[in-house]
Structure formats: structure tokens, C-alpha cells
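This is what each chain is made of:
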Amino acid sequence: MRVIVTVVEKIVSEAHIDIPDGLNQSVIRQHIIDRYNAGEMLTDMNIFQVDFESISARIFKEHSDTKSV
């Protein structure tokens, strides 16, 4: 028998970055998105929290093809 188990977790990461002063909310949001999309925040991110969401399993019964000769 073969079982495929799927675990869904929500991972919350935290990054501490420096942002220039005097920016409005939309510019700050775009600055963060640009840094993330450029891959500049990936090494800075630390896993802060992991929440278990769900677990499921699919069971497959294997059929044997044994034929008498």
C-alpha cells in the first residue's frame, strides 16, 4: 500500500530591514516588495513562527498483476 501524506503549514518569517525616512505607506510597501522580488530579503528572513494548518492522506492500494501460466 502506498500513502501520500500532505501537511500544510503556515510559516511566518520576520525580516529587519532599513528603509529611508520620509516615505509614505505606498512607497514603503513598494520598496519592500521590490527588495523581496529582487531576492534581497531571502537571506535576512528568519522563521518566526510555524502554525500547523492541516494534514491529509491519500491511500492507494497496489494491485498485483499475477497471472497463472
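Relevant structure appears above.
Residues numbered from 1 in each chain as written. Predicted model: local features only at pLDDT ≥ 70, side-chain atom pairs only at ≥ 80, totals over all residues. Heavy atoms only, no water.

### Here's the deal with the overall build of the chain
When helices and strands are counted, the chain shows one helix and two strands. Reading the chain from its N end, one meets helices and strands in the order β-α-β. Put simply, the chain has 69 residues, and 3% of those count as buried. Taking contacts inside the chain between residues at least 6 apart in sequence as the whole, the part at least 24 apart equals 81%. Element-wise, carbon and sulfur atoms account for 51% of the exposed surface of the chain, whose accessible area totals about 6400 Å². (Helix = DSSP H or I, 4+ residues; strand = E, 2+ residues; numbered from the N terminus. Buried < 20%, exposed > 50% of the residue type's maximum accessible area, 1.4 Å probe, protein only. Contact = heavy atoms within 4.5 Å. Areas by Shrake-Rupley, 256 points an atom, 1.4 Å probe, with all protein chains shown as cover.)

### Details of the pattern of salt bridges
As enumerated under the stated definition, the model contains one salt bridge in all. As a salt-bridge pair, E40 and R35 come within 3.5 Å of each other at their nearest N and O atoms. Under the relative-accessibility criterion, E40 is labelled partly exposed at 44%. Since its relative accessible area comes to 17%, R35 is described here as buried. (Salt bridge = Lys/Arg side-chain N within 4 Å of Asp/Glu carboxyl O.)

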